[in-house]
Amino acid sequence: MKATSTLMCWLTLCIAFATTSAFAQDAKFGKISDEELRMTQYPQDTAADAIVLSDIGYSRFSFAHKTQVFTERHIRIKILKKSGYDWADFAVPYYMKGADKEKVVNVRGFTYNLENGQVQKYKLEAKSMFDEQHNENWYSKKFTMPNVKVGSVIDVEYTIISDFAYNLREWEFQTTIPTLWSEYRAEIPDIFNYKFLMQGYHPLYNSDKSNKATGSTQIINYAYTWAMKDIPALREESYITTMKDFQAKIEFELQQVRLPGQAPQTMTGNWDDVTRDLLLSERFGEQLNRSGYYKNELALLTAQHKTKEELVQAIYNHVKDRMTWNGKYHYLATNTLRKAYDTRTGSAADINLMLVAMLQEASFDANPVLVSTRSNGRPPKGSPLINKFNYVLAHVVVDGKEILLDATEPLMPFGMLPVRALNDEGHLIKRKENRWVALKPANYSQFITTDVTFSPTGELLGKTTESAGGYYALSLRKTLAEEGEDKFAERLTREIGNYKLGKPSFGNTEKISEPFQINYDISSGGTGQLADIIYLSPLLGHGKKQSPFKLNERQYPVDFASPIDETIITKFTIPAGYVIDEAPKGSVISLPENGGRFTFIVQQDGNMLQVMSRISINKPVFYAPEYTFLKEFYNQIIAKHAEQIVLKKATAN
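So, a few notes on the structure that sits alongside this text.

Procedures and definitions
- Residues numbered from 1 in each chain as written.
- Predicted model: local features only at pLDDT ≥ 70, side-chain atom pairs only at ≥ 80, totals over all residues.
- Heavy atoms only, no water.
- Salt bridge = Lys/Arg side-chain N within 4 Å of Asp/Glu carboxyl O.
- Helix = DSSP H or I, 4+ residues; strand = E, 2+ residues; numbered from the N terminus.
- Expected span 1.5 Å × (residues − 1).
- Buried < 20%, exposed > 50% of the residue type's maximum accessible area, 1.4 Å probe, protein only.
- Contact = heavy atoms within 4.5 Å.
- Pairing = 2+ DSSP bridges.
- Axes fitted to C-alpha atoms, helices over the stretch in contact; angles between N-to-C directions.
- Parallel < 35°, antiparallel > 145°, perpendicular 65-115°, else oblique.
- Nonpolar A, V, L, I, M, F, W, Y, C, P; charged D, E, K, R; others polar.
- Left-handed = near helix turned anticlockwise from the far one by under 90°.
- Phe/Tyr/Trp six-rings, centres within 6.5 Å; stacked < 30°, edge-to-face > 60°.

**Considerations on the pattern of salt bridges**
At step 1: One pass over the structure, following the stated rule, counts 36 salt bridges.
At step 2: We note a salt bridge from Glu237 to Arg554, for which the minimum N-O separation is 3.2 Å. Linking Glu237 in the loop between strand 13 (221–231) and strand 14 (249–257) with Arg554 in the loop between strand 29 (533–536) and strand 30 (558–559), this pair joins segments that are 317 residues apart in sequence.
At step 3: Residues joined by salt bridges that share partners form a network here, namely Arg374, Arg378, Lys381, Asp424, Glu425 and Asp559.

In structure tokens, the structure reads:
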């Protein structure tokens, strides 16, 4: 079995199990210290609802009956708050394929509580364990530790026996709660040559390699150790793909197998081999060669549309309108594309492979593109690890222009990709021309214009038009379709600060290639008396009020997914007898290397006052060294948006 075709994707089903404690580096199962029992909080992170005291793993190869990998794990967790009770729930994933399988054995666990000064010990009973199937290959052994409360220490160990000897599971040093000590040891025979892939921002505390005698066999074992200590919790931050991309962990990629007396066997493969295998696969390439089920519809579309671009769009719209996405991701067809076409429903792979097949049948240069979605993590570029991908798009060339298509979203315009697929690059699966292609986003755009008139008693009346494009328009149209116009309109009929928004009307609801329009009245009540001073919000509540970037420092990139363009224009008609006493000053702020720009302009012409704010984010991703600039950029925007216009009653000459 090749490492490129088996199971490094086990993480997708795994509860974050975490790693171990500085004072429990030598933790023995069932030996709980007074310090662990009496701990009430973790000073380095007082918000933590639980901590991993220690997490120790050990993998070894066995050649007794057949080649297998035994992985033993011992994890100890301290519960600090009621919100940490979920850490008493375990789900240990395991994999089965054909006659090869994994099994979880020797599961033992105890909950330790300090009750009335005495240590009470509660055993995990076998009857509380059960197995759950997630799909045709993946299962998990599930159990919940007994008598858990605030202050409990949970001690669990188990062993995974795997027939998939060419694969070592990755080891996670970091999880969503702090980890005091995490250590992974592996004895790897010299017949297996692995590449060790470290990721994350937390440094190793210790790593070691040594030879280990193996008796009279010809095989030499190398004993490896990797350890980390005092690992902070992995917490979600705004504008990020998935925290799995930044989690401290180690992965193992099998490069070569050197069996005694045989020539070395390369295991990593290459994209040419992967492309060939996929195009011969029953659930991928073979499905592209079957066209009988849509021939009549394609013939009609071909007769109706004469130019290449018109025909491509017509085929795209046909698939998009006919098919309903069932919400499932995959890069292989679920069954046959004919069955999906007949039932009018399917996975992302069913729908987009069908789109590729129809485009190929219409004589277009069209091919699939493998993608790892944002929530799945970025795919490795070094080796073709096929199971790191979970999605597929359609790639087509029209008059020399490359276009990526996704037909899963009925309200998505031609040539636009869903946000979930915007994850750097995908791999084009094309015979003799496979390559990486950029997954380019559309824009997120918002344009708000408001015309208002003020009365001397402070009342405001006006009209607002919002124009949404790109991903913002798609989001609004999807919400409108899900909620219906009445509910959607009711939700938008609200108050923003002192301003009341009237019931909106909508434009271009079905013209998805055009900006989505929202029109509504805006008003606010006055005092009923002539005011000497009138205070105005320049953007009438539409400005930014708080920054999404509150951390002083950030280790992870800021990923907006797409460029952003937000423009707000407000036109005020000032009542007779009033003058502008104070108004915000204009401002232009730019991010380094043309990363973004904020423009704020205030102009007066007689009794007309116009304010314009425009925020442009020109690139989707900002890396950690750029974070300080981005944070200050937004701080200045918020400060400027908070400034007010002051109208003062003019004095008579």
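After presenting the structure, the write-up continues.
**Topic: helix 5 (residues 308–322)**
At step 1: With 15 residues, helix 5 should cover 21 Å at 1.5 Å per step; its first-to-last C-alpha distance of 21 Å lies within 8% of that length.
At step 2: Of the positions making up helix 5, those classed as buried are Leu311, Val312, Ala314, Ile315, Tyr316, His318, Val319, Lys320 and Arg322.
At step 3: Looking at the buried side of helix 5, the elements it contacts are helix 4 (295–304), strand 16 (324–325), helix 6 (337–343), helix 7 (348–361), strand 19 (391–398) and strand 20 (401–405).

**What to know about the sheet that holds strand 21 (residues 425–428)**
At step 1: On the basis of which strands lie adjacent, the open sheet formed by 5 strands has the order 20-19-18-21-22 and antiparallel pairing. With partners counted over all chains shown, the strands left at the sheet margins are strand 20 and strand 22 (435–438), one partner each. Taken pair by pair, the neighbouring strands of this sheet meet at an average axis angle of 35 degrees, ignoring direction.
At step 2: Inspection of the sheet shows strand 18 (residues 365–371) paired to strand 21 by 2 bridges, in the antiparallel sense. From the neighbouring strand, Val369 faces strand 21, where its bridge partner is Leu428.
At step 3: Strand contacts of helix 5: strand 19 and strand 20, with the helix running at about 160 degrees to strand 19, the strand carrying the most contacts.

**Observations regarding the packing of helix 8 (residues 470–483) against helix 9 (residues 485–492)**
A pair of packed helices is captured by two measures, namely the crossing angle of their axes and the spacing between those axes.
At step 1: In the contact formed by helix 8 and helix 9, the axes pass within 6 Å of each other and the chain directions differ by 120 degrees. If you check the angle between helix 8 and helix 9, you find them oblique. Counting all contacts with helix 8, which are made through Leu476, Thr479, Leu480 and Glu483, the residues of helix 9 involved are Glu485, Lys487, Phe488 and Arg491.
At step 2: Across the contact of helix 8 with helix 9, the residue classes break down as 3 nonpolar, 1 polar and 4 charged.

**Comments concerning the pairing of strand 2 (residues 68–79)**
At step 1: The buried count for strand 2 comes to 11 of 12 residues, which makes it a mostly enclosed element.
At step 2: Sheet topology places strand 1 (residues 50–62) next to strand 2; 12 bridges connect them, and they run antiparallel. The residue bridging Val52 from the neighbouring strand is Ile77, located in strand 2.
At step 3: Taking the residues between adjacent antiparallel strands as the criterion, strand 1 and strand 2 are bridged by 5 residues.
At step 4: As paired elements, strand 2 and strand 8 (residues 153–162) share 10 bridges and run antiparallel to each other. What sits directly across from Arg76, in strand 8, is Asp155.

**Re the environment of Gly377**
At step 1: Relative to the assigned elements, Gly377 resides in the loop between strand 18 and strand 19.
At step 2: Sequence separation between Gly377 and Asn423 is 46 residues; the distance between their C-alpha atoms is 7.9 Å.
At step 3: The contact partners of Gly377, leaving out residues within four places of it in the chain, are Thr242, Asp245, Ser372 and Asn423.

**Section: the environment of Ala248**
At step 1: Locating Ala248 in the fold gives a position in the loop between strand 13 and strand 14.
At step 2: Using a relative accessible area of 0% as the deciding quantity, one classes Ala248 as buried.
At step 3: Along the sequence, Ala248 and Ser467 sit 219 residues apart, while their C-alpha atoms lie 42 Å from each other.
At step 4: When near neighbours in sequence (up to four residues on either side) are disregarded, Ala248 contacts Glu172, Phe173, Gln174, Gln199, Gly200, His202 and Met228.

**Let's talk about the packing of helix 5 against helix 7**
At step 1: At their nearest, the axes of helix 5 and helix 7 sit 10 Å apart, and the two run at 145 degrees to each other. Where helix 5 crosses over helix 7, the two elements pack in a sense that is right-handed. Contact with helix 5, carried on its side by Val312, Ile315, Tyr316, His318 and Val319, involves Ile351, Met354, Leu355, Met358 and Leu359 of helix 7 and no other residues of that element.
At step 2: Split by residue class, the contact of helix 5 with helix 7 holds 9 nonpolar, 1 polar and no charged.

**Details of the packing of aromatic side chains**
At step 1: Scanning all chains against the criterion turns up 42 aromatic pairs.
At step 2: For the ring pair Phe549 and Tyr634, a centre distance of 5.4 Å and an interplane angle of 75 degrees mean the geometry is edge-to-face. With Phe549 in the loop between strand 29 and strand 30 and Tyr634 in helix 10 (residues 627–642), this pair connects stretches of sequence that are 85 residues apart.
At step 3: Residue classification places Phe549 among the buried residues on the basis of a relative accessible area of 2%.
At step 4: Overall, the relative accessible area of 5% leaves Tyr634 in the buried class.
At step 5: Grouped by ring-pair contacts, the aromatic residues Phe61, Tyr166, Trp171, Tyr184, Phe192, Tyr194, Phe196, Tyr224, Trp226 and Phe252 constitute a single cluster.

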